[in-house]
Each structure stands twice: as C-alpha cells, then as structure tokens.
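Residues per chain are reported as follows:
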Amino acid sequence: MPGHDRFDGEFDAVLAAARAGEARGVERIFLALSPVVEGYLRLQGAAEPQDLTSEVFLAMVRNIGSFEGDEASFRSWVFTIAHRRLLDERRRATRRPAPAPLDEAYHHRAGDDVERSALDAVATEQVRALCERLGPNQRDVLLLRLLGQLTVEEAADVLDKSPGAVKALQRRGFRALARLIEREGVPL
Amino acid sequence: MSDPGDHVPQMPATPLLDDDTIDALVEGRPVADQHASLAAFACRVRAAGEGPPPPPAPALARLLRDGLPSANGSRPGAISAADTADHYPARRRHLVAKAAGIGIAAKIGLGVTAAAATVVGAGAGGLLPDRADRMVRDAIEVVTPFGFGDDGVPGGRRSEDPGPDGTGSGTSGADPDGFGEDVSSDATGESDGEPGVDGQDIADEAPGATNRPSDDPGSGPPVDPAPPVTTGGPPGFPTPPVTTGPPPDVPGRGAPGVPGTVGTSTTLAGSEG
C-alpha cells in the first residue's frame, strides 16, 4: 500500500524517540503525517484544519506512551484521533454559531510557485465541494481510504464499523461521485 | 413507434465498479477510461495530503523545537497535559493581534468596560466588602430587571416582594401553616421583663451546635489546614470536578491488530449507510 512507509524504514527508532519525548522523534512524525491529517480535516470541511491538526498531534504526543504497533497501526491510530477531534469540532459547532472566517482561514501556503499554489487551492476546493455532497459516512470512508491510505479493516476500526459496512459505503460513495461528476460536469 | 435512437436515458449510466477497480482507484493504479473521472478525483484527494506541513500551534512548535522535559531521564510516555497545552489557537492569536492594533481611545474604552464588568460581576457574586457590595447590588437593581433578595442571590425575593399570588403575602406575610404566630415569652419579655433573648446561652440541642465556636480558641472543631480548591467561580456556584484522565477522543491501542479501546464516539449516521 503506497504511503505507508513515510519514515524510510526507521519507524521503530522514530517511535522510540517520540515516546521518550525527544524533539527529533516528534518532528519526524509531524513532518510525515501532518500534511495528510491536515488534508483529511480540510476536505472534511473542518473550520480550522490547521489548529485541529496541531490538536491531533498534541494528543498523539500525550498518549504515545500507550501505543504499541507498527507504522500502519500508528497511522490508523493518528487518523482515529483526527476523526474524533473532527467529530468534537462538529459537536461544538452545533452548540454555537460558526464564527466568521478569518482572513487567513482559507490560506494558500506560500510556496515558490504562487500560480501553482493557487491552482492547487482551487482544485482542493473543488474536491472539498464534491465531498460535501456525499453522505457523511461515504465521505469518511473515501477520505480515509484515499487520503489516509488506510485499509478497509483500518478504516472500519477508525469509524467503529464492520469491514463489510465500510466496503459497501466505499462502493456507494464512488458510484455517487461518478453520478455527480457525470451529471454536473465537474472539472477535475 | 419511435426509433431506437430517440430514447434518451433519464439517468446517466454509471459504470459498474468492481472490487479490482475500487482497489486500483484507492491505490492510484491505472483504471479503465470509463472511470477516468473517479481516478482524477482520487488523484486530487491524494494531492490534498501532499503539501508542506501546516504551521504548528505554539505548544506544538515548542515540542518540535525542544522536545519534552520527560526526555531528560524520566519515564517515557509520561507526558502531562500541561506539557502539551496550547492556550493560544490561531483564532485567539488573531484576536490578540487585532486588539494590539486598535487605537489608544478604543483600548481605554475596552479597559473601562472590562473594569466595570469586573466590579459588577464581583458585586453580583458577593465578593466585595459589604458596603461596596450593597452599592453595586443597588446599582444593578436600578439598571437591570434583576433583583437581589436578602441572601444576595439574583432573583431572590425581598421580604416586601409580593408572593406568588400577587397579594403582598411574601416572606413577611402570614404563613398559611401558622409558622411565626407563636412567639417565645423570652422574646416578648413576659418571662424576665426584658424583651428579646440575651444570646449568651444556646442549647446544645440547637442545630449546628457542633460547628459553633467555643470560648476556648484551642478547643474548637478541627480545621482543615488545606484551603478549599476554588476555580475562581463566585461563592455558591458548584465547581466542576477536575478530571485528570486521558481525553476521551484518544483511542487506546494495544498490540498490532488488536483494536484499541474505542471511546464514545458519535458516528454520523447517514442515509447512505
């Protein structure tokens, strides 16, 4: 499965360093996984994906002592934290009105190629808009599978569903997407 | 009879998706042309996770720079919430920066408003000295619809307040059960010629006798040397319990393949399910 080796084969050493509270261990994990976690939260429509990403990694550091497993398990564990933080944010949002977006809320990360960054942002927004029109469970499954690169079983674990339910949601999600794209001619 | 070409399907035909195609879409392998749009979607989704890392919040930035104090010899994994607490998320940082940029007059106005709110709040909570407390309460009662009873609780009834029936039978009115109708002879002065009780002797059977201070300063009830834990709330308001366990959103994780302890997460039930 692509995307599972983001630690150049050094996951065990990185995990040990992070569990010992060493900056280099925490940094390696953050550099490896924060882009996908932030992408997941952004495409899920999180109001403040950057802050939420930081919360996820702070929670990860706090609880890393209780983790045991390989890189794939670790990735699944981090996405479990991310998904639950997302649900927490949604619950909070239902209790109080959403604040007006900040100037930098839809930020374009400054890169060397401004045009490329802008195009990426537009593309991400198109994908996010498509995801928004899926059912929430379908969206969860597709994003965990595509972006998180989780297996069916790992996604089922994150979402507290059976693997069979995840496979069914995945199939229906893809079919719904195909209909949306075909019917509305969404440029991708 | 219409020609076969006249038939236009109401719904666009959705290409069948088999398991191999879905696996190929997920893993980024080539798929048949009829699934090109889905492949493009999957590619865009993956690209959303390939950017640079997001800027970390201050607490996380500190961790990334310095590591944790526990790295200096204490047991691994023992990381406290205080080590990783972040009190300034991006929105608050933005507001602080905004406040720093406003004019001096606006800052003075904000300061005066905050001070006034503090005094009013303290008065409402009964935290001021008696004289100041009474003044603040009177002021609040003048400018707001809230009233303070004799016990200082907002909304409490004064003795002259009308009762529930609106006839003036408040707390000072005759009690329907007859309480207060019989007055002790000590109080009326019939017993010893002096109205009112002298207050020197209180029966041991009277309520609260165990908490009553004695004349001997060394023989009073035991006093807990530890001050009560307060969280800044006004007196009379319950203090929420302090929990020190892990946050409920962090799943436990045992050995590989063993699902962790799943907390009470609310999965979004959808009709697509």
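A quick note: this is a predicted structure, and the numbers were derived from the prediction, not measured.

Rules and cut-offs
- Residues numbered from 1 in each chain as written.
- Chains lettered and ligands numbered in written order.
- Predicted model: local features only at pLDDT ≥ 70, side-chain atom pairs only at ≥ 80, totals over all residues.
- Helix = DSSP H or I, 4+ residues; strand = E, 2+ residues; numbered from the N terminus.
- Buried ≥ 20, exposed ≤ 12 C-beta atoms within 10 Å, placed from the backbone.
- Contact = placed C-beta atoms within 7 Å.
- pLDDT = per-residue confidence, 0-100.
- Arc of directions from axis to C-beta.

### Concerning the overall build of chain B
Logical step 1: Helices and strands together make up the secondary structure of chain B, namely 7 helices and 0 strands.
Logical step 2: Secondary structure elements of chain B occur, N-terminal to C-terminal, as α-α-α-α-α-α-α.
Logical step 3: Here chain B holds 273 residues, and 12% of them are scored as buried.
Logical step 4: When contacts within chain B are restricted to residue pairs at least 6 apart in sequence, those whose partners lie at least 24 apart make up 15%.

### Focus: the confidence of the model for chain A
Logical step 1: In this model, chain A carries a mean pLDDT of 88, and residues with pLDDT of at least 70 account for 87%.
Logical step 2: The model gives residues 102-106 of chain A a pLDDT under 50, and that stretch makes 3 contacts with residues more than four places away or in other chains.

### Digging into unusual backbone geometry
All names here are of chain A.
Logical step 1: Notably, aspartate 8 is not glycine yet its phi reads approximately 50°, a positive angle.
Logical step 2: Inspection of the secondary structure assignment puts aspartate 8 in the segment before helix 1 (11-19).
Logical step 3: For glutamine 149, which is not a glycine, the phi torsion comes out positive at approximately 55°.
Logical step 4: Among the secondary structure elements, glutamine 149 is positioned in the loop between helix 6 (136-146) and helix 7 (152-159).

### Description of helix 1 (residues 19-27) of chain B
Logical step 1: Along helix 1 of chain B, the residues that are buried comprise Thr21, Ile22, Leu25 and Val26 of chain B. Taken around the axis of helix 1 of chain B, the buried residues stretch over an arc of 135°, which confines them to a single face. Turned more than 90 degrees from where helix 1 of chain B packs its buried face, Asp19 and Asp20 of chain B sit exposed.
Logical step 2: Contacts from the buried residues of helix 1 of chain B go to helix 6 and helix 8 (163-184) of chain A together with helix 2 (36-47) of chain B.
Logical step 3: At the exit of helix 1 of chain B stands glycine 28 of chain B, carrying a positive phi of roughly 80°.

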